[in-house]
Amino acid sequence: MWGGRFDAGPAELMQRINASHPFDRKLWRQDIRQSRAHAAMLKDRGLLSGADHQAIVDGLSQVEAEIEAGTFSWRDDLEDIHMHVEHRLSEIAGPAGRRLHTARSRNDQVATSMRLWARDTLDHLDAGLRALQSALLEHADRHADTVMPGFTHLQPAQPVTLGHHLLAYVEMLERDRGRVRDARERLNECPLGAAALAGTPFPIDREATAAALGFRRPMRNSIDAVSDRDFVLEVLSAAAIAAVHLSRLAEELVLWSTPAFGFVKLPDAFSTGSSIMPQKRNPDAAELVRAKSGRILGAFVAIATVLKALPLAYAKDLQEDKEPLFDATEALAVSVAALTGMVEALTFDTAPMQAMAAVGHPTATDLADWLVTSAGMPFRDAHEAAGRAVRLAEERGCRLEELSLGDLQSIVPDVTTDVFDVLGIDSSLARRTSAGGSAPTLVRAAVAAARARLS
């Protein structure tokens, strides 16, 4: 493959460190696809005869069939998937196969295959994230009125509904999908035709190959086309943020499935037992989703480190872009699928949720708000008065709404019996009607709106 420049072949150790086909063979579909587009363009531009073009097309189909069937022969001396395909094509098609590389370098060939693969992968991830949103929406709809504690600092804060809580993740995932789509849009430019780094003197048609491969346009600068992998970084960035969101949801499922919470029962299909303790029911799938976020974040750091000091244009360092990208996107895909399956099959125990929602005087803010609107107090004064009422309830060992009118009037003489209309959990929820709030009517409307977006 190196032509006549070298007298001797590479050392065995050089072959080992240089060979990338054990992992970049994932790109074989993309390599064959772009080779077909390149061959068609060469023929249309008079750079390839009709007979040679047909031999290449037929040869590529045979290579494709061999890889599909698992009969293809892989060799370390051929380094990567691109050299493997070209070598086997030349065996099948003869001299015609050796003409395919006209006006093309492995530099633009690799970059094109990577962008095609990343585009396909982002489409798959987007579909997976959408499926998880749908699973969450089913529960959110079913539990639009189910009371649960809303937390800050992992302490019960104000009552919300389970549906409202789950919709928060639907919104996070919507932004994740937006980042996925943004990354896809930006990477959808074609490097093919940039050749090694400076373009080519052959009269090629880069617009034609870009269109044939579904790219928006050819990349505008040949050096940039072969030397940058910011699209890999952007895919990994989107993947890392999504993985963090999945990890947060997984962590809550782990917490909620403990006896201390008892909010949820995870399905058998996504739980495991213990080798020694017969009673155990472990949320291993959720824990693994939580852990894989670190792996995905690590991939982003790895590629950023590879790129940070590379001079233009191409350097072999860029071969290291593949394994972290492949590993991270696969880890994210399996995390999304596992979490989707878990969410679809889990069941919520609403009684412990409702019990915990009443803990810690969760309607104290409602009392302060009532003092502002009905007693005309400045909010800071109302906040202090509500705090005194909470302290009194704790001294009496009762709930805030169980204090007597006289108790409350001992703190704020202007309090009337109307105050008790806002101290109940249900009334607190119903009054949270500001846009994006947790009132059940708003939750049901938010579910409907989210379903409309997904459809």
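Before reading on, note that the structure itself is shown above.
Residues numbered from 1 in each chain as written. Predicted model: local features only at pLDDT ≥ 70, side-chain atom pairs only at ≥ 80, totals over all residues. Heavy atoms only, no water.

S.K.: Can you lay out the overall build of the protein for me, pointing to particular residues and giving the numbers?
M.R.: From N to C terminus, the protein includes 19 helices and six strands. Scaling as 2.2 N^0.38, a compact globule of 455 residues should have a C-alpha radius of gyration of about 23 Å, whereas the protein reaches 31 Å, well beyond that. Dimensions of the protein along its principal axes, counting C-alpha atoms only, are 100 × 55 × 40 Å. Here the protein, with 455 residues, has 48% of them falling under the buried criterion. Pairs at least 24 apart in sequence give 75% of the contacts found in the protein among residues at least 6 apart. When the accessible surface of the protein is split by element, carbon and sulfur atoms take 53% of a total near 21,300 Å². Charged side chains of the protein number 50 positive and 61 negative; the gap between the two group centres comes to 4 Å. (Helix = DSSP H or I, 4+ residues; strand = E, 2+ residues; numbered from the N terminus. Rg over C-alpha atoms; globule rule 2.2 N^0.38 Å. Buried < 20%, exposed > 50% of the residue type's maximum accessible area, 1.4 Å probe, protein only. Contact = heavy atoms within 4.5 Å. Areas by Shrake-Rupley, 256 points an atom, 1.4 Å probe, with all protein chains shown as cover. Lys, Arg positive; Asp, Glu negative; His and termini not counted. Charge placed at Lys NZ, Arg CZ, Asp CG, Glu CD.)

S.K.: With reference to specific residues and values, describe the packing of aromatic side chains.
M.R.: Under the criterion given, the structure shown has six aromatic pairs. Pairing W256 with F263 gives two aromatic rings, centres 5.7 Å apart and planes at 55°, and the pair type is tilted. Taken together, F151, W256, F261, F263 and F348 form an aromatic cluster joined through their ring pairs. Positioned above the aromatic ring of W74 is the side chain of R25, whose terminal nitrogen or guanidinium carbon lies 4.2 Å from the ring centre. Here the guanidinium or amino end of K26 rests over the ring plane of F326, the centre of that ring lying 5.9 Å away. (Phe/Tyr/Trp six-rings, centres within 6.5 Å; stacked < 30°, edge-to-face > 60°. Lys NZ or Arg CZ within 6 Å of the ring centre and 35° of its normal.)

S.K.: Outline the nonpolar core, supporting the account with residue identities and numerical values.
M.R.: Generally speaking, nonpolar side chains in soluble globular proteins are found buried as a group. Among the nonpolar cores identified, the biggest contains 91 residues, and L136 and L332 are the most heavily contacted of them. In this structure L332 touches L125, A239, A242, A243, L246 and I296, once residues within four positions along its chain are discounted. (Core = buried A, V, L, I, M, F, W, Y, C linked by side-chain atoms within 4.5 Å.)

S.K.: Any chance you could break down the side chain of T161 for me, citing the residues and the numbers?
M.R.: With respect to the helices, strands and loops of the structure, T161 is situated in strand β2 (residues 155-161). There is a polar contact of 3.3 Å between the side chain of T161 and the backbone oxygen of A144. Leave out the neighbours within four places in its chain, and T161 touches H143, A144, D145, T146, V147, M148, L429, S438, P440 and V443. (Polar contact = N/O pair within 3.5 Å; in protein donor to acceptor, adjacent residues only side chain to side chain.)

S.K.: Just give me the short version of helix α14 (residues 350-357), but keep the residues and values in it.
M.R.: Along α14, the residues that are buried comprise M353, M356 and A357. One side of α14 holds all its buried residues, which, seen down the axis, span an arc of 105°. The N-capping residue of α14, defined by a side-chain oxygen 3.4 Å from the backbone nitrogen of A351, is D349. (Arc of directions from axis to C-beta.)

S.K.: Explain the pairing of β2 to me, and be specific about the residues and the numbers.
M.R.: As paired strands, strand β1 (residues 147-152) and β2 are joined by six bridges and run antiparallel to one another. When the sheet's bridge partners are listed, M148 is paired in β2 with V160. Hairpin geometry of β1 and β2 is characterised by an intervening segment of two residues between the two adjacent antiparallel strands and by a positive phi of about 60° at H153. (Pairing = 2+ DSSP bridges.)

S.K.: Describe in detail the pattern of salt bridges, supporting the description with residues and values.
M.R.: When their charged atoms lie close together, side chains carrying opposite charge are able to pair. The full count for this structure, using the stated rule, is 33 salt bridges. With a closest N to O distance of 3.0 Å, D52 and R99 form a salt bridge. One end of the pair, D52, is in helix α4 (residues 50-69); the other, R99, is in helix α6 (residues 95-99), with 47 residues separating them in the sequence. Here E234 ties to R186 by a salt bridge, and the two come within 2.6 Å at their closest N and O atoms. Of the two residues, E234 is situated in helix α11 (residues 230-256) and R186 in helix α8 (residues 162-187); the sequence distance between them amounts to 48 residues. The class for E234 is partly exposed, based on a relative accessible area of 24%. Among the ionic contacts, a cluster of salt bridges with common partners joins E79, D80, R106 and K316. (Salt bridge = Lys/Arg side-chain N within 4 Å of Asp/Glu carboxyl O.)

S.K.: Before we move on, could you go through unusual backbone geometry and cite the residues and values that matter?
M.R.: Note on backbone geometry: most residues besides glycine have negative phi, and most peptide bonds are trans. Note that the residue after L312, namely A313, is joined by a cis bond; omega there is 10°. The phi dihedral of A103 is positive, around 65°, even though this residue is not glycine. Within the secondary structure, A103 sits in the loop between α6 and α7 (106-142). With relative accessibility at 7%, the residue A103 sits in the buried group. Phi at H361 is positive, roughly 55°, even though this residue is not glycine. With respect to the helices and strands, the residue H361 is situated in the loop between α14 and α15 (364-375). According to the relative accessible area criterion, H361 is buried, its value standing at 14%.

S.K.: How would you summarise the packing of α7 against α11 if you had to cite specific residues and measurements?
M.R.: Direction vectors running N to C along α7 and α11 enclose 20°, while the axes themselves pass 11 Å from each other. With respect to α11, the element α7 is oriented roughly parallel. The chirality of how α7 crosses α11 is left-handed. Side by side, α7 and α11 meet where A111, M114, R115, A118, L122, L132 and L136 of the first sit next to F231, V232, V235, L246 and L249 of the second. (Axes fitted to C-alpha atoms, helices over the stretch in contact; angles between N-to-C directions. Parallel < 35°, antiparallel > 145°, perpendicular 65-115°, else oblique. Left-handed = near helix turned anticlockwise from the far one by under 90°.)

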